[in-house]
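As a plain string of letters, each chain reads:
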Amino acid sequence: MSEDILVVKPSLPPYEEYIEEIKDIWDTGIMTHTGPKHVELQAKLEKYLEVDHVELFANGHLAMELGLNAFGFKPGSEVITTPFTFASTTQAILRNGLVPVFCDIREDDFTIDVDKIEELINYRTVAILPVHVYGNICDVKKIQEIADKHGLKVLYDGAHAFAEKYDGVNVSNFGDMTMFSFHATKVFNTVEGGCLTFKDESYKQKLIGLRQFGQIIHTDSVPYIGTNAKLTEIHAAMGLCNLRHVDEYLEKRKEVVNCYRKMLSDTKGIRLSIIQENVSANYAYFPIVVEEAETGVTREMVEQALLKEGIFSRRYFYPLTCDFECCAASRVHIDVPVARHASERVLALPCYSDLKVSDVERICNVILNTVKKNG
Ligand code: T4K
């Protein structure tokens with residue numbers, strides 16, 4: 001009997017390495033509040049991500065929420081974004097009292113359709129929040145052109161895009177800010193955690209303040225309405241260990257994705273995301289779109305066939321976030337046929353660094369047999 005295969009699994013450093021890393025926390029008793037591990041991880045990430053500034057947060061969601069907050073937009077202002085994403089992206093906009101305006105996505109890589117952005121801009125528009133979904137990088141050049149033309153800020157949801165480069169430039173450098181998630185299920189993890197990257201130093205003090213109760217640290221001054229979004233030393237220690245191994249994790253993920261592509265390319269009724277030639281990929285997710293019109297086989301049939309074999313896939317991302325009940329009062333624009341088509345047919349297949357190639361072959365064979373038997 002084969003073991004169950006989950007859709008994602010954390011990449012973990014050797015147990016002994018982590019224990020060694022947290023030893024001095026026991027000696028110093030410094031557990032949180034921008035301690036030495038936090039400071040070390042921040043510096044190492046600035047180097048690894050080749051960016052001027054990194055600020056760390058308790059998770060990717062809070063990083064994004066506070067990044068938006070730091071821009072200081074008037075409540076009710078509009079932010080152009082996509083609904084084909086995890087709940088967090090849209091929630092970050094709503095929790096800032098801003099209005100998400102939903103733009104459709106491209107069919108081939110699921111990122112924001114840049115040709116549809118400008119028609120959504122009006123006098124209330126203040127920002128664009130595009131998502132590098134599955135690690136597919138948005139058309140960052142065109143987005144910057146539009147933002148410059150209309151005086152808009154750009155915050156990238158790069159939750160899936162850690163370590164990627166676009167035309168040789170680390171993606172942490174695009175837009176005004178980029179958020180990366182360090183959740184346990186991500187390419188690089190601190191168990192829970194996340195960061196913002198940015199080039200403009202003037203955001204730094206405000207972000208640090210927002211992260212720690214609105215204070216200017218080590219003073220009595222509390223100029224901002226902040227929260228508690230600090231990354232603990234225990235989490236930072238996991239980050240320090242994982243950063244030593246992240247390039248190995250990426251290599252293993254590459255093998256997994258290459259095997260999927262080899263076995264599933266040219267399968268009738270199964271559409272794969274395009275390979276972005278100018279992006280050095282991190283192989284974060286492996287989505288397929290099950291086009292039932294071609295074979296009669298639906299996503300649900302594939303999902304169930306996998307489940308029968310103990311293989312867990314996920315409908316990332318269904319439903320569209322614009323269909324969430326909590327968006328009902330504020331969704332300004334929901335004409336998103338391409339996103340809707342993808343969301344109703346997409347299935348993320350298991351993808352993580354420890355997934356064996358033999359297991360990928362097993363997963364693909366279940367899919368191929370399902371298509372052959374029913375298609
Ligand atoms: N923006 C985007 C585009 C995102 O995708 C995300 C998060 C964010 C923003 C926000 O970043 P964070 O605030 O999370 O840093 C999971 C992750 O929790 C979430 O981080 C991720 N995106 C999202 C795509 O997936 P769920 O609700 O699907 O997770 P869950 O608990 O059902 O777990 C999924 C699988 O992972 C299961 O098969 C079990 C496995 N797993 C999970 C955990 C928590 C493990 O093996 N170990 C674990 O510790 O959201």
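Residues numbered from 1 in each chain as written. Predicted model: local features only at pLDDT ≥ 70, side-chain atom pairs only at ≥ 80, totals over all residues. Heavy atoms only, no water.

A.B. asks: Explain empty space enclosed by the protein to me, using residue names and the numbers behind them.
C.D. replies: According to the stated counting rule, one finds one cavity of 30 Å³ or more in the structure shown. Empty space within the largest cavity amounts to approximately 60 Å³. What lines the largest cavity is a set of 13 residues, among which Ala159, His160, Lys186, Val187 and Ala284 lie closest to the centre. Looking at which domains feed residues into the lining of the largest cavity, each of domain 1 (15-241) and domain 2 (247-374) supplies at least three. (1 Å grid on protein atoms, 1.4 Å probe; cavity = no way out; pocket = protein on both sides within 12 Å on 5 of 7 lines; lining within 4 Å. Points joined across faces, edges and corners; volume = space filled by probe spheres on them. Domains from an automatic or database assignment.)

A.B. asks: Describe in detail the layout of surface pockets, supporting the description with residues and values.
C.D. replies: In this structure, the largest pocket spans a volume of roughly 420 Å³. Every element with two or more residues in the lining of the largest pocket is listed here: helix H3 (60-70), helix H4 (87-94) and strand S8 (177-181). Tallying contributions element by element places H4 first for the lining of the largest pocket, with four residues. The residue inventory of the lining of the largest pocket, partitioned by class, reads 10 nonpolar, 12 polar and three charged. Lining the lining of the largest pocket are residues from two domains, each supplying at least three of them: domain 1 (15-241) and domain 2 (247-374). Counted as a void, the second largest pocket has a volume near 360 Å³. Along the wall of the second largest pocket there are 20 residues; nearest its centre are Asn136, Arg261, Ile275, Ala281 and Tyr283. Of all elements in the fold, only helix H7 (233-264) and strand S12 (286-290) reach the threshold of two or more residues within the lining of the second largest pocket. The element best represented in the lining of the second largest pocket is H7, accounting for three residues. (Helix = DSSP H or I, 4+ residues; strand = E, 2+ residues; numbered from the N terminus. Nonpolar A, V, L, I, M, F, W, Y, C, P; charged D, E, K, R; others polar.)

A.B. asks: Lay out the site of the ligand with the relevant residues and their values.
C.D. replies: In the region of the ligand, 25 residues are neighbours, and Asp157, His160, Ser181, Arg314 and Tyr316 sit closest. Measuring from an oxygen atom of the ligand, one finds a backbone N or O atom of Gly60 at 2.9 Å. Side-chain polar atom of Tyr316 to an oxygen atom of the ligand: 2.5 Å apart, as the coordinates give it. For the ligand, the protein covers 74% of the area, taking 910 Å² as the surface of the free molecule. The cavity where the ligand resides is the largest pocket. Only H3, H4 and S8 provide two or more residues apiece to the shell around the ligand. Class assignment of the residues belonging to the shell around the ligand gives a composition of 10 nonpolar, 11 polar and four charged. When residues of the shell around the ligand are assigned to domains, at least three fall in each of domain 1 (15-241) and domain 2 (247-374). (Near = heavy atom within 4 Å. Polar contact = N/O pair within 3.5 Å; in protein donor to acceptor, adjacent residues only side chain to side chain. Areas by Shrake-Rupley, 256 points an atom, 1.4 Å probe, with all protein chains shown as cover. Sits in = over half its atoms within 2 Å of the grid points.)

A.B. asks: Which residues make up the domain arrangement of the protein chain, and what values go with them?
C.D. replies: Interfaces are often described in size by the accessible area the parts lose on coming together. Annotation of the protein chain at the domain level lists domain 1 (15-241) and domain 2 (247-374). Placing the centre of domain 1 and that of domain 2 at their C-alpha centroids yields a distance of 25 Å. Taken together, the contacts link 41 residues of domain 1 with 38 residues of domain 2. For the pair domain 1 and domain 2, the two sides together bury roughly 3300 Å², of which 61% comes from carbon and sulfur. The largest per-residue losses of area from domain 1 upon contact with domain 2 belong to Phe102, Tyr134 and Val187, which jointly make up 21% of the total buried on that side. Counting across the domain 1 and domain 2 interface gives zero salt bridges. Where domain 1 touches domain 2, the interface holds 16 residue pairs in polar contact (both at pLDDT 80 or more). Residue composition of the side of domain 1 that touches domain 2, grouped by class: 22 nonpolar, eight polar and 11 charged. (Contact = heavy atoms within 4.5 Å. Buried area = accessible area lost by both parts, 1.4 Å probe. Salt bridge = Lys/Arg side-chain N within 4 Å of Asp/Glu carboxyl O.)

A.B. asks: Describe the pairing of strand S1 (residues 53-57), with residues and values.
C.D. replies: Most of S1 sits out of view: five of its five residues are buried. Of the two faces of S1, the one lined by His53, Glu55 and Phe57 and the one lined by Val54 and Leu56 are each fully buried. (Buried < 20%, exposed > 50% of the residue type's maximum accessible area, 1.4 Å probe, protein only.)

A.B. asks: Break down the packing of helix H9 (residues 299-308) against helix H11 (residues 357-374) for me, with residues and values.
C.D. replies: Two numbers describe a pair of packed helices, the interaxial angle and the distance between the axes. Direction vectors running N to C along H9 and H11 enclose 130°, while the axes themselves pass 9 Å from each other. Overall, the two elements H9 and H11 adopt an arrangement that is oblique. Regarding H9 and H11, the two cross each other, and that crossing is right-handed. Of the residues in H11, those touching H9 at Met301, Val302, Ala305 and Leu306 are Ile363, Val366, Ile367, Thr370 and Asn374. Its residues assigned to classes, the contact of H9 with H11 shows seven nonpolar, two polar and no charged. (Axes fitted to C-alpha atoms, helices over the stretch in contact; angles between N-to-C directions. Parallel < 35°, antiparallel > 145°, perpendicular 65-115°, else oblique. Left-handed = near helix turned anticlockwise from the far one by under 90°.)

A.B. asks: Residues and numbers for the pattern of salt bridges, please.
C.D. replies: Counted by the stated rule, this structure contains 29 salt bridges. Lys252 is paired through a salt bridge with Asp354; the nearest N and O atoms lie 3.4 Å apart. Remark: Asp354 occurs in the loop between strand S13 (346-349) and H11 and Lys252 occurs in helix H7; sequence separation between them is 102 residues. According to the relative accessible area criterion, Asp354 is partly exposed, its value standing at 46%.

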